Amino acid sequence: MLRTVKYGDSSLVVDMLTEVMGRMSFMVRLSTSRKGKMRKQLFQPLHIVEIDFDYRSNASLQRISDIRIATPLVSLPFDPYKLSIALFVAEFVYHATKGEQANEPLYKYVENSISWLDGVKGSFSNFHLVFMIRVSRFIGFLPNTEDYREGDYFDMQNGCFCQTAPSHSHFLPPNDASKIGMLMRLGYNTMHLCAMTRADRNRCTEVIMEYYRLHVPGFPELKSYPVLKQLFAQS
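Treat the numbers as computed from the prediction; the structure is a model and nothing was measured.

**Section: the packing of aromatic side chains**
Applying the stated criterion to the full structure yields 19 aromatic pairs. An angle of 20° between the planes, with centres 6.3 Å apart, marks the rings of Tyr-109 and Tyr-188 as stacked. Of this pair, Tyr-109 sits in helix 2 (residues 104-119) while Tyr-188 sits in the loop between helix 4 (174-184) and helix 5 (198-215), and the two are 79 residues apart along the sequence. Classification of Tyr-109 by relative accessible area gives buried; the value is 15%. According to the relative accessible area criterion, Tyr-188 is buried, its value standing at 15%.

**Let's talk about the environment of Val-135**
Tracing the chain through its elements places Val-135 in helix 3 (residues 127-139). A relative accessible area of 1% places Val-135 in the buried class. Ignoring sequence-local partners within four residues, the contact set of Val-135 consists of Phe-92, Leu-106, Tyr-109 and Tyr-212.

**Considerations on the pairing of strand 2 (residues 11-18)**
With eight of eight residues buried, strand 2 lies mostly within the body of the structure. Going residue by residue along strand 2, you find Ser-11, Val-13, Asp-15 and Leu-17 tucked away on one face and Leu-12, Val-14, Met-16 and Thr-18 tucked away on the opposite face as well. As judged from the five bridges shared by strand 1 (residues 3-7) and strand 2, these two strands associate in the antiparallel manner. In the sheet register, Lys-6 faces strand 2, and the bridge partner there is Leu-12. Linking two consecutive strands that pair antiparallel, namely strand 1 and strand 2, is a turn of three residues; a positive phi of about 70° is found at Gly-8 within it. Where strand 2 meets strand 3 (residues 22-29), eight bridges bridge the pair, whose relative direction is antiparallel. Bridged to Leu-12 within strand 3 is Val-28.

**Notes on the confidence of the model for the protein**
Here the protein averages 92 in pLDDT, and 98% of its residues register 70 or above. By mean pLDDT, helix 4 is the weakest element of the protein at 90, and helix 2 is the strongest at 97.

**Quick notes on helix 4**
Think of an α-helix as turning once every 3.6 residues; residues three or four places apart then point the same way. Within the span of helix 4, buried status applies to Asp-176, Ala-177, Lys-179, Ile-180, Gly-181, Leu-183 and Met-184. If you follow the buried residues of helix 4, they end up packed against helix 3, strand 6 (153-155), strand 7 (160-162), strand 8 (171-172) and helix 5.

**Some thoughts on the sheet that holds strand 5 (residues 62-71)**
Strand order in the open sheet formed by five strands is 1-2-3-5-4, and the pairing between neighbours is mixed. Looking at the sheet topology across the chains shown, the edges are occupied by strand 1 and strand 4 (48-53). Pairwise comparison of adjacent strand axes, ignoring direction, gives a mean angle of 35° for this sheet. The pairing of strand 4 with strand 5 spans six bridges and is classified as antiparallel. When the bridges of strand 5 are listed, Val-49 appears paired with Ile-69.

Parameters at a glance
- Residues numbered from 1 in each chain as written.
- Predicted model: local features only at pLDDT ≥ 70, side-chain atom pairs only at ≥ 80, totals over all residues.
- Heavy atoms only, no water.
- Phe/Tyr/Trp six-rings, centres within 6.5 Å; stacked < 30°, edge-to-face > 60°.
- Helix = DSSP H or I, 4+ residues; strand = E, 2+ residues; numbered from the N terminus.
- Buried < 20%, exposed > 50% of the residue type's maximum accessible area, 1.4 Å probe, protein only.
- Contact = heavy atoms within 4.5 Å.
- Pairing = 2+ DSSP bridges.
- pLDDT = per-residue confidence, 0-100.
- Axes fitted to C-alpha atoms, helices over the stretch in contact; angles between N-to-C directions.

What follows is the structure, given as structure tokens:
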């Protein structure tokens with residue numbers, strides 16, 4: 001579940017990343033009774049659900065006939081830090097995957113990442129950084145770190161490291177480039193080893209978003225980012 005927009009008094013337009021058909025949008029009429037299937041609490045950011053619907057190729061908005069929780073989230077909706085990250089990640093995926101067709105590896109990565117964040121009890125302050133970098137692998141512009149050497153620049157336009165600054169303006173100087181190289185080597189289970197200040201983390205977030213703006217048409221400033229900026233004074 002990526003985004004919901006209220007439509008009239010009792011309906012929602014819901015955007016989802018699906019395993020079988022990629023990005024899809026649905027019109028949902030909310031139930032007014034407690035026993036109804038389309039309850040508002042099911043349509044929350046990053047909830048993992050199973051749905052039934054009859055696909056209509058000529059319709060921009062599909063209709064859900066049944067919905068149920070696939071993987072219950074036990075901490076993410078209630079932990080303010082995790083919830084802030086979840087809102088940011090949901091908005092990020094919404095914009096990063098617009099127009100994405102069926103992409104099972106991407107779907108599985110997002111689903112497994114949500115489950116990891118929900119279950120983790122230790123440090124997760126770098127989660128969104130690792131997540132954003134790794135998503136680029138599945139949509140076609142993962143940075144190439146094979147030739148990285150200390151002191152290199154990062155060419156954001158071509159997604160590679162280089163010894164001298166490119167002729168265009170879309171590049172990172174060596175200090176920022178080294179952070180990208182470091183993040184590429186981290187996973188969820190090792191990212192706690194990378195201590196960052198809030199300023200470092202925010203700088204990395206802004207750099208990664210700039211990278212996406214160069215490679216994803218129409219990728220905007222994310223509205224949830226100002227809240228995320230205030231989290232985690234230090235790892």
